[in-house]
Amino acid sequence: MFSSSTDTPPSLPLDRPLLDPAPEYGRWVREQSPVRITLWGDNHPWLITRNEDARAVLSDARFSSENIRPGFPGLQPTTPPVTPGQLFAMDPPDHTRLRRMLIPEFTFRRVEQLRPAISRITGELLDGLLKQEQPADLVEHFTLPLPLLVICELLGVPYEDRDFIHRQASAFATITAGPEAMRAGWAALFGYLQQQLAARAGAPGDDLMSKLAVERVATGDATAAEAAGMLVQLLIAGHETTASMLSLGVVALLRHPEQLAALRAEKNLVPGAVEELLRYLSIVHVGLRRIATEDVEIGGVTVRAGDGVVVALQAANRDPSAFADPDTLDVTRDAGQHLAFGHGLHHCLGQSLARAELQIALPMLFERLPELRLVGSAAEEYAFEGRAVHGVRELPVAW
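All right, on to the sheet that holds strand E9 (residues 373-374) then. Read across the open sheet, the 3 strands follow the order E4-E10-E9; overall the sheet is antiparallel. The sheet terminates laterally at strand E4 (136-137) and E9, the two strands that pair on one side only. Pairing between E4 and strand E10 (residues 396-398): 2 bridges, direction antiparallel. From the neighbouring strand, Asp137 faces E10, where its bridge partner is Pro396.

As structure tokens, then:
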């Protein structure tokens, strides 16, 4: 921990091994948490790495998510793109009002009804993959189109626009591209979805976008801009994160053949194995950011009003005080208390959908391609650089 005003706190680690957190996190969890870090310039938020402290911050209303507050620990030194409906950057009461509009589409019961469709999409993609010349790119032919197809179908977004959607989502998620590129990516999707919403108002279908247009915007419960902003967030989060989890989940299981063998031998391990992969991989690796609105005691440190806080999920999910032998992948472990989906008010709205996709896609993949193998010695060479969500841009495989 830096000890005086003349010391410079360490930077937030953005580079990491493919399947593990950056090594600095393990040291901080064991020795010094919370710790001050540097995001840029004189922005020095507290980094929270221990599981118990992470839960405390994420469930405490004295930590705000509003990223326009002075001193907020943003990843860029300029104001982030601000449009209505950005749930991740909102506090109650507006956050509560808008989130309630989406909850019915993402309940466990609703997602269970989607499982046949997810299975159908998975099977069709695997049929297509098996027709490809080997080696084939698993990202291009399976792990990316699967969640993108599902979220497009759920929201009512035309899948034929997928290249545009993924390109703009990637621009928004790439920190190193700079604030202007991030703004442009968000703005492009925001404008696109405003147009789609307007079209649904006159010709609604059986999808979430139509329900927002008819039941919320037309009735005055939400503005068209708020609805478009919520849809942008759902579209980005609904495919980027699951695509990365699928890709890295395949790598993790192929590199731990004894775990894959256990999973193949006992199908009832699948739900728990998915939770363990979520814990072990923790793909949201830039942290969840908050700012204190009052003085708060966290982990023996007083976080002052106006101090920024970054909650490192990948560190909290490898905390030995919460998980025995946390750096070991163990599909028989009870990992249900992981924080991969966040915690508290802003816990991931789509977590049931992501779980369903992972629980269906991974077993089907390894069943249809029992000899699946990675091509080349290092999938690391395809790892994303400078992205808010960890993953790989390509994954050559053969079978």
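Mean pLDDT over the protein chain works out to 92, with 97% of the residues at or above the 70 mark. Counting interchain partners and residues more than four positions distant, the pLDDT-below-50 stretch residues 1-6 has 6 contacts.

With that settled, consider helix H9 (residues 208-217). When we look at burial in H9, the residues that qualify are Leu208, Met209, Ser210, Leu212 and Ala213. Close packing links the buried residues of H9 with helix H3 (94-102), helix H6 (145-155), helix H8 (179-202) and helix H10 (224-255). Its side-chain oxygen at 3.3 Å from the backbone nitrogen of Met209, Asp207 defines the N-terminal cap of H9.

Moving on: the packing of H6 against H10. With their axes 8 Å apart at the nearest point, H6 and H10 run at an angle of 155 degrees to one another. Overall, the two elements H6 and H10 adopt an arrangement that is roughly antiparallel. The handedness of the crossing between H6 and H10 is right-handed. In this structure, H6 uses Leu146, Pro147, Leu148, Ile151, Cys152 and Leu155 to contact H10, whose residues at the interface are Leu231, Leu234, Leu235, Gly238, His239, Thr242, Ala243 and Leu246. Class assignment for the residues of the contact of H6 with H10 results in 11 nonpolar, 3 polar and no charged.

Below, the discussion takes up the packing of helix H12 (residues 270-281) against helix H14 (residues 351-368). In the contact formed by H12 and H14, the axes pass within 10 Å of each other and the chain directions differ by 110 degrees. Considering their axes alone, H12 and H14 lie roughly perpendicular with respect to each other. The hand of the H12/H14 crossing is right-handed. Contact with H12, carried on its side by Val270, Pro271, Val274, Glu275, Leu277 and Leu278, involves Arg355, Leu358, Gln359, Leu362 and Pro363 of H14 and no other residues of that element.

The next subject is the pairing of strand E5 (residues 288-292). Consecutive residues of a regular strand have side chains that alternate between opposite faces of the sheet. Bridge count for strand E3 (residues 63-64) against E5 is 2 bridges, and the pairing is antiparallel. Residue pairing in the sheet places Phe63 in a bridge with Ala292 of E5.

The next thing to look at is the sheet that holds strand E1 (residues 35-36). Pairing is mixed across the open sheet formed by 5 strands, whose spatial order is E1-E2-E8-E5-E3. Strands at the two margins of the open sheet, each flanked by one partner only, are E1 and E3. Contacting strand E2 (46-48), E3, E5 and strand E8 (308-311), helix H2 (residues 51-58) crosses the sheet at an angle of about 125 degrees to E8.

Note on aromatic pairs: each is described by the distance of the centres and the angle between the planes. In total, this model carries 4 aromatic pairs according to the counting rule given. One cation-aromatic arrangement involves Arg279 over Phe323; the distance from NZ or CZ to the ring centre is 5.3 Å. Its end group placed over the ring of Tyr280, Arg318 keeps NZ or CZ at 4.3 Å from the ring centre.

On inspection of all chains with the given rule, the structure shows 2 cavities of 30 Å³ or more. Lining the largest cavity are Leu253, Leu263, Val270, Ala273, Val274, Leu277, Leu358, Gln359, Leu362 and Pro363. Going through the elements one at a time, H12 and H14 are the ones with two or more residues in the lining of the largest cavity. Grouping the amino acids of the lining of the largest cavity by side-chain chemistry returns 9 nonpolar, 1 polar and no charged. Here the second largest cavity defines a volume of roughly 30 Å³. Looking at the second largest cavity, the residues that line it are Leu374, Val375, Gly376, Ala378, Ala379, Tyr382, Leu395 and Pro396. For the lining of the second largest cavity, the class distribution of residues is 7 nonpolar, 1 polar and no charged.

All right, on to the pairing of E8 then. Side-chain alternation along E8 places Gly308 and Val310 on one buried face and Val309 and Val311 on a second face that is also buried. Bridge analysis of E2 against E8 gives 3 bridges, and the strand direction is parallel. The residue bridging Trp46 from the neighbouring strand is Val309, located in E8. Sheet topology places E5 next to E8; 4 bridges connect them, and they run antiparallel. For Arg289, the partnering residue across the bridge sits in E8 and is Val310.

Definitions and cut-offs
Residues numbered from 1 in each chain as written. Predicted model: local features only at pLDDT ≥ 70, side-chain atom pairs only at ≥ 80, totals over all residues. Heavy atoms only, no water. Pairing = 2+ DSSP bridges. Helix = DSSP H or I, 4+ residues; strand = E, 2+ residues; numbered from the N terminus. pLDDT = per-residue confidence, 0-100. Contact = heavy atoms within 4.5 Å. Buried < 20%, exposed > 50% of the residue type's maximum accessible area, 1.4 Å probe, protein only. Polar contact = N/O pair within 3.5 Å; in protein donor to acceptor, adjacent residues only side chain to side chain. Axes fitted to C-alpha atoms, helices over the stretch in contact; angles between N-to-C directions. Parallel < 35°, antiparallel > 145°, perpendicular 65-115°, else oblique. Left-handed = near helix turned anticlockwise from the far one by under 90°. Nonpolar A, V, L, I, M, F, W, Y, C, P; charged D, E, K, R; others polar. Phe/Tyr/Trp six-rings, centres within 6.5 Å; stacked < 30°, edge-to-face > 60°. Lys NZ or Arg CZ within 6 Å of the ring centre and 35° of its normal. 1 Å grid on protein atoms, 1.4 Å probe; cavity = no way out; pocket = protein on both sides within 12 Å on 5 of 7 lines; lining within 4 Å. Points joined across faces, edges and corners; volume = space filled by probe spheres on them.

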